[in-house]
Structures are given as structure tokens and as C-alpha cells.
There are 2 protein chains.
Amino acid sequence: MEDTGPKTVEVCFTPALFAAIGTETPYAVVVVDILRATTALCSAFSNGLKSVIPVATLEEARAYKTKGYLVAAERDGEILDFADYGNSPLEYQKADIQGKTLAYCTTNGTRAIDLAKGSDSLVIGGFVNLDVLREWLINRNLNVVVLCAGWKNQFALEDAVFAGALAERLLESGKFITHCDSVVAARGLWQEAKPNLLQYHVKASHRQRLIDIGQDESIPYCFTLNVCRALPGLRNGELIDFLVHE
Amino acid sequence: MEDTGPKTVEVCFTPALFAAIGTETPYAVVVVDILRATTALCSAFSNGLKSVIPVATLEEARAYKTKGYLVAAERDGEILDFADYGNSPLEYQKADIQGKTLAYCTTNGTRAIDLAKGSDSLVIGGFVNLDVLREWLINRNLNVVVLCAGWKNQFALEDAVFAGALAERLLESGKFITHCDSVVAARGLWQEAKPNLLQYHVKASHRQRLIDIGQDESIPYCFTLNVCRALPGLRNGELIDFLVHE
């Protein structure tokens, strides 16, 4: 008999809390690192990238470079000297990456992907592909955990706000329920932020990387809804676009 | 030269995130478990309790009982058979505990105290002693970390809302600053909750222990501001009332 009951949605504010999540299988994990890894991945796939090999260490990233791969590698937002790309979503809009494979190493995003790779489905989310993500999750009939990559294992505001936006859409579909306080909190933050998403983040946080919002032309893009038609997802250890290849 | 610069305030949403907090010393930790351990402690001290021995395991709690101590022990909100008290704050209002010492073992609260005992000062907070706590922290001139006990290492809404209430008071004093996204989020939740604190928690969460709000007569007390004149704090491994003994 097909399972048609409501599915659960949960939010995990940082990777440090993921191990304690007791979600029933089968479940999908949505990995979120709004500033900027998962936004960049959405951007790259919507510009025709074929696949991404998530890479955990800089050594591994260097090894892929010597093997001739395109490589994206950054630490604390800075592109590394041996790499072709960092994690600015705008780079990937302009880049000649159609049909290519990219080895991708990034501070928080790769670690979160690695942590959640044992889930039944792992997909990549951002404000830029919010409605694509919503559609896909509703159709899949899986429990959902939104895994915020955070900032060095700490709570990051922008990831939590996104989690609230996604959770709200899933709950309003009538096909999801929640028992999770983090979902309640994330929805509250989304309600507060949504009238002016970019300004909310500039005003709300004094953290340097968010003050830098004004200095980095890619940041407004990270807070723009539904500009990417792509759904990066994990298949056999690589990210592909589930809208194209699933 | 006396250090008169502003101090920082940070919020740690669960004990699982405490290790990654990089607060500069000297700092004070405020341990919070609104439902119900830290609320109960405030209630007990405001009814004249002399001291509390925080106990980590049930075996240890039993051992104190056989030595003749008063013992408080609960698991998942239920008082255990060998114990004198659980963690209902109302029990302690009625109890004959003046001048006595209590061995206290509770699900989340004791663990959080144990985790933070290396800080320069450890105090116990709840809505019930909010302004006492505020005054004391402002006078002490220490950096502050609000450590939410959470629920089995997961985010708990009521602890986060309290953290927002306390952080707001410290920031509005002009003597504190923050660089912490968790503080921004917690303040947002407090703003949303404060018009009707109890109702917010009933409506917001579907978690069973919060649905139980209507069934447990002690819960409204846990969301009542400033009804306890007590400030439990750690000294030589025991909690005493810093308003009386410091």
C-alpha cells in the first residue's frame, strides 16, 4: 500500500546537531549554505554544468586540478590560487562550464554534504531555487530535514531564514507536518525577514561577512528568489541536476 | 587599568554547540532550562534553599539519598520513585527546604551546568528571575554566554525565547555588544513571543511536552516574569544564592 500520510519536516540549524536528529526513513536532506556554496551550485547547474565532485580537503582539490579537472576551492570566502573558481554565484553565470565536471571544495558546504550523504536523497537548496525545491520535495513523498551548513558549526542567520521559507511552503502544501521547535523558530525568522530579505540580513547581523554584503556584488543574488531553474542532487557520490537527469 | 569597554553577549542554542563558542575570558555562562529545571532552581532558592549539589547520574542521586540528603531527580519530566522532588517549580514553593541542601539530578539542566562549569561565573536563569539576572550581569562586567539546555541536545523554543529576552535587556543597557547571529535570531523570537508568552509557546509548538502546558499547572509559572528574587550560581561545585552569599 502506498504511504500517503503526511511527511515530517525538520530543521537542523548546524551540522553539529545533525547526529541527534531522529528522522524516520525514508528522508531527504536539503543542504543549505546561502552565503554562498549552495547558491553557487544552483547557479552553476542552471548554467549547464554537468556534475560536481564534492571534495573535503584542499589536498584533494589540488589533486583533481593536476588531473585536469576544473576546480572550485575557497577558504573563508577567498578563492585559492590553484583554483579556477571560488564560490561566487556570479562567476558561474559567466563561466564556460556547459557539460563539464567541477571538483568543489568549500568551507562549510562540502562538510554538510559529507555528513548527510547517507540519507535517502540529498539535494541542494537556496533562495535562488526555492520553488523548484518545493515542487520536487512535495512530489517525492519523503520526510525532509533542512540541514543548515552554518558558519564553522555555529548558527548562521541566513541559512535559518531560508529553512523557514522552505518549511513554510512545505507545511502550507498540506502534505507535511512538524514536531520540531527549530521549524517554528525558522518560520518566525522568515516572517520577520521576508518583507526585505537583503536589508534584514544587513541590519540584523554585525558579523563581518554580512557587513561585507555591500562590498560583494554576488550577495544580493544570494537573497533573490527563484532565479535558478536547477536542482543539484547527489547521485553515486556526485552532484547532478535532478531536473535534467533524474 | 580597569576594563570599561563593552562586553559581548552570545547565545548557544544547545549544549552541542557550546564547545565551538570562542568567547573571550573572563566570561559568565547563564544556564537556561525554562521547562523546568532552572525555573525550579530559582523557585527553590527564593524559598530559602541553602545549596544544591548538581548530580549527573541517577546512581549518584540514589547515593545522596542513602546519605540522608534531600534529592530531586526526574527523567523526561517525571519524578523518580526514590526522590523527594522532581522539577516542578511549584513543589519548591510549598516545600520545607529553608536552610537545606538538595542533590539535584535532571535530564538537561545538570548536563549543561557540568559542561559550563569551567567558565569564570556560572549562574542560573529563567523568566522568573530575569531582572535579577540582568542587574547582576550588568554589574559584573563579564562577557556573557547564554547556554540553552535544549531538549536532548536539540533546539528548544522556550530556551531560545528566554535567551532573546535576556540578550535584549543586556544590549539595551549599552554595556554589551554582539557579533552573534544566534542573538539576532533569539531577539526576533522574543519580539514575536512577548505579547503573550505562554500562548506563543502553546500555539507555536506541537511537541508533546508543550502541548502538556494545559495539563501541568506549573507551566504558566515558568513563563511568568520576575516572581523569584534569587540568583542561583556555582561556587565550589555547589549552587548557592548569589544574592545572599556572594
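So, here is what we can say about the structure in this document. Owing to the predicted nature of the structure, the values given are computational and were not obtained by experimental measurement.

A closer look at the packing of helix α5 (residues 130-140) of chain A against helix α6 (residues 157-172) of chain A
Residues and elements named next belong to chain A.
- Running from N to C, α5 and α6 point in directions that differ by 45°, and their axes come no closer than 10 Å. Considering their axes alone, α5 and α6 lie oblique with respect to each other. Here α5 runs over α6; the crossing is right-handed. Touching Leu130, Asp131, Leu133, Arg134, Leu137 and Ile138 of α5 are Phe162, Ala165, Leu166, Arg169 and Leu170, all from α6.
- Grouping the constituent residues of the contact of α5 with α6 by class yields eight nonpolar, no polar and three charged.

Notes on the relation of the copies chain A and chain B
- Relative to chain B, chain A is turned by 180° and slid 0.0 Å along the rotation axis, the superposed coordinates differing by an RMSD of 0.0 Å. Both chain copies can therefore be described as sitting about a two-fold axis. Closest approach to the rotation axis within chain A is made by the C-alpha atom of Ala16(A), at a distance of 3.3 Å.
- Comparing contact sets, 100% of the residues at the interface of chain A also lie at the interface in chain B, consistent with an isologous, same-surface contact.

Overview of the pattern of salt bridges
All names here are of chain B.
- Tallied over the entire structure, the rule returns 14 salt bridges over all chains.
- Across the salt bridge formed by Lys100 and Asp96, the nearest N and O atoms sit 3.6 Å from each other.
- On the basis of relative accessible area, Lys100 is assigned to the partly exposed category, the value being 34%.
- Between Lys117 and Asp114 there is a salt bridge, with the nearest N and O atoms lying 2.8 Å from each other.

Describing the interface of chain A and chain B
- Contacts between the two partners involve 29 residues from chain A and, on the opposite side, 29 residues from chain B.
- Note on chain A versus chain B: buried area summed over both sides is about 2,000 Å², and carbon and sulfur give 58% of it.
- For the chain A face of the interface with chain B, the top three residues by lost area are Leu17(A), Gln154(A) and Asp181(A), together amounting to 30%.
- Run the count over chain A and chain B and you get zero salt bridges.
- Inspection of the region where chain A meets chain B yields four residue pairs in polar contact (both at pLDDT 80 or more).
- Those elements that provide at least two residues to the side of chain A that touches chain B are α6, α7 (181-193), α8 (197-204) and α9 (208-211) of chain A.
- With seven residues, α7(A) is the largest single contributor of residues to the side of chain A that touches chain B.
- Residues that form the side of chain A that touches chain B fall into these classes: 14 nonpolar, nine polar and six charged.

Observations concerning empty space enclosed by the protein
- This model, assessed by the stated rule, comprises two cavities of 30 Å³ or more.
- If you add up the space inside the largest cavity, you get close to 60 Å³.
- Taken together, Ala37(B), Thr38(B), Leu41(B), Val52(B), Pro54(B), Tyr104(B), Thr106(B), Gly109(B), Thr110(B), Ile113(B), Ile124(B) and Leu239(B) make up the lining of the largest cavity.
- Along its surface, the second largest cavity is lined by Ala37(A), Thr38(A), Leu41(A), Val52(A), Pro54(A), Tyr104(A), Thr106(A), Gly109(A), Thr110(A), Ile113(A) and Leu239(A).
- Looking at the lining of the second largest cavity, the elements that each hand over two or more residues are α1 (37-46), β3 (51-54) and α4 (109-116) of chain A.
- The class makeup of the residues in the lining of the second largest cavity is seven nonpolar, four polar and no charged.

Some details on the packing of aromatic side chains
All names here are of chain A.
- Under the counting rule described, the total for this entry stands at 19 aromatic pairs over all chains.
- For the ring pair Trp136 and Phe242, a centre distance of 5.7 Å and an interplane angle of 35° mean the geometry is tilted. Of this pair, Trp136 sits in helix α5 while Phe242 sits in helix α11 (residues 242-245); the two residues are 106 residues apart in sequence, bridging distant segments of the chain.
- Since its relative accessible area comes to 8%, Trp136 is described here as buried.

With respect to unusual backbone geometry
- The peptide bond linking Thr25(A) to Pro26(A) adopts the cis configuration, its omega dihedral lying at -5°.
- Between Leu35(B) and Arg36(B) the backbone carries a cis peptide bond, its omega angle lying at 5°.
- Within the secondary structure, Arg36(B) is located in the loop between β2 (27-32) and α1 (37-46).
- A positive phi angle is found at Asn226(B), which is not glycine, with a value near 60°.
- Within the secondary structure, Asn226(B) is located in the loop between α10 (219-222) and β10 (232-235).

Definitions and cut-offs
- Residues numbered from 1 in each chain as written.
- Chains lettered and ligands numbered in written order.
- Predicted model: local features only at pLDDT ≥ 70, side-chain atom pairs only at ≥ 80, totals over all residues.
- Heavy atoms only, no water.
- Axes fitted to C-alpha atoms, helices over the stretch in contact; angles between N-to-C directions.
- Helix = DSSP H or I, 4+ residues; strand = E, 2+ residues; numbered from the N terminus.
- Parallel < 35°, antiparallel > 145°, perpendicular 65-115°, else oblique.
- Left-handed = near helix turned anticlockwise from the far one by under 90°.
- Contact = heavy atoms within 4.5 Å.
- Nonpolar A, V, L, I, M, F, W, Y, C, P; charged D, E, K, R; others polar.
- Least-squares fit on C-alpha atoms with pLDDT ≥ 70 in both.
- Salt bridge = Lys/Arg side-chain N within 4 Å of Asp/Glu carboxyl O.
- Buried < 20%, exposed > 50% of the residue type's maximum accessible area, 1.4 Å probe, protein only.
- Buried area = accessible area lost by both parts, 1.4 Å probe.
- Polar contact = N/O pair within 3.5 Å; in protein donor to acceptor, adjacent residues only side chain to side chain.
- 1 Å grid on protein atoms, 1.4 Å probe; cavity = no way out; pocket = protein on both sides within 12 Å on 5 of 7 lines; lining within 4 Å.
- Points joined across faces, edges and corners; volume = space filled by probe spheres on them.
- Phe/Tyr/Trp six-rings, centres within 6.5 Å; stacked < 30°, edge-to-face > 60°.

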